[in-house]
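# Architecture and fold: a report
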Amino acid sequence: MLNCKQVTRLASARLDRRLTLRERLSFRLHLMMCAACRRFDAQLQFMHGAMSRFGRGERPDREDR
Ligand SMILES: [Zn+2]
């Protein structure tokens, strides 16, 4: 079982690489049980989306992944 620290590391890792099946499963399992990490992950994705759109100079109305 992952702890919150490992989950936050995975949350940022998955923005850069594809997680393994095992990582994805334990990540999702943890998010189901932990509101703090759910919030962290949502914020991280929002930030990441905003930053990469900004970096690419694209219009901010679409989220492509
Ligand atoms: Zn957690």
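Residues numbered from 1 in each chain as written. Predicted model: local features only at pLDDT ≥ 70, side-chain atom pairs only at ≥ 80, totals over all residues. Heavy atoms only, no water.

## Quick notes on the overall build of the protein chain
Per the secondary structure count, the protein chain includes 3 helices and 0 strands. Traced from its N-terminal end to its C-terminal end, the protein chain shows the element sequence α-α-α. Partitioning the intrachain contacts of the protein chain with sequence separation of at least 6 by distance along the chain shows that 46% fall at a separation of at least 24. Summed over all atoms, the accessible surface of the protein chain reaches about 5,300 Å², with 57% contributed by carbon and sulfur. (Helix = DSSP H or I, 4+ residues; strand = E, 2+ residues; numbered from the N terminus. Contact = heavy atoms within 4.5 Å. Areas by Shrake-Rupley, 256 points an atom, 1.4 Å probe, with all protein chains shown as cover.)

## Describing the nonpolar core
Ranked by size, the top nonpolar core spans 12 residues in total: Leu2, Val7, Leu10, Ala11, Ala13, Leu15, Leu19, Phe27, Leu31, Cys34, Cys37 and Leu44. Tallying contributions element by element places helix α1 (residues 4-16) first for this core, with 5 residues. Aside from chain neighbours lying at most four places away, what touches Leu10 is Leu2, Arg17, Leu19, Glu23 and Phe27. (Core = buried A, V, L, I, M, F, W, Y, C linked by side-chain atoms within 4.5 Å. Buried < 20%, exposed > 50% of the residue type's maximum accessible area, 1.4 Å probe, protein only.)

## A word on the coordination of the zinc ion
Within the protein, Cys4 (SG), His30 (NE2), Cys34 (SG) and Cys37 (SG) serve as the donor atoms for the zinc ion, at 2.0 to 2.4 Å. Geometry at the zinc ion is tetrahedral, judged from the 4 donor atoms that bind it and their angles of 104 to 112 degrees at the metal. All donor residues of the zinc ion come from one chain, and their arrangement in sequence is C-x25-H-x3-C-x2-C. Taken together, the residues span a long stretch of sequence, with Cys4 in helix α1 and His30 in helix α2 (residues 21-33) at a distance of 26 residues. (Donors = N, O, S within 2.8 Å, 3.2 Å for Na, K, Ca; no water. Tetrahedral: all angles 85-135°; square planar, octahedral: opposite > 155°, others 65-115°.)

## Observations concerning the packing of α1 against helix α3 (residues 35-56)
The interhelical angle for the contact between α1 and α3, taken along N-to-C directions, is 20 degrees, at an axis separation of 10 Å. By the angle class used here, α1 and α3 are roughly parallel. As for the relative orientation of α1 and α3, their crossing is right-handed in sense. Facing Cys4, Val7, Thr8, Ala11, Ser12, Arg14 and Leu15 of α1, the residues of α3 in contact are Cys37, Phe40, Asp41, Leu44, Gln45 and His48. (Axes fitted to C-alpha atoms, helices over the stretch in contact; angles between N-to-C directions. Parallel < 35°, antiparallel > 145°, perpendicular 65-115°, else oblique. Left-handed = near helix turned anticlockwise from the far one by under 90°.)

## As for the side chain of Glu23
Within the fold, Glu23 resides in helix α2. There is a polar contact of 3.0 Å between the side chain of Glu23 and the side chain of Arg17. (Polar contact = N/O pair within 3.5 Å; in protein donor to acceptor, adjacent residues only side chain to side chain.)

## Considering the UniProt feature "domain: Putative zinc-finger" (unreviewed entry) in the protein chain
In the numbering used here, UniProt assigns the feature "domain: Putative zinc-finger" (unreviewed entry) to residues 4-38. For the annotated span residues 4-38, helix accounts for 86% and strand for 0% of the residues, and the straight-line distance between the end C-alpha atoms is 10 Å. (UniProt positions renumbered as here; feature names shortened; annotations may be inferred.)

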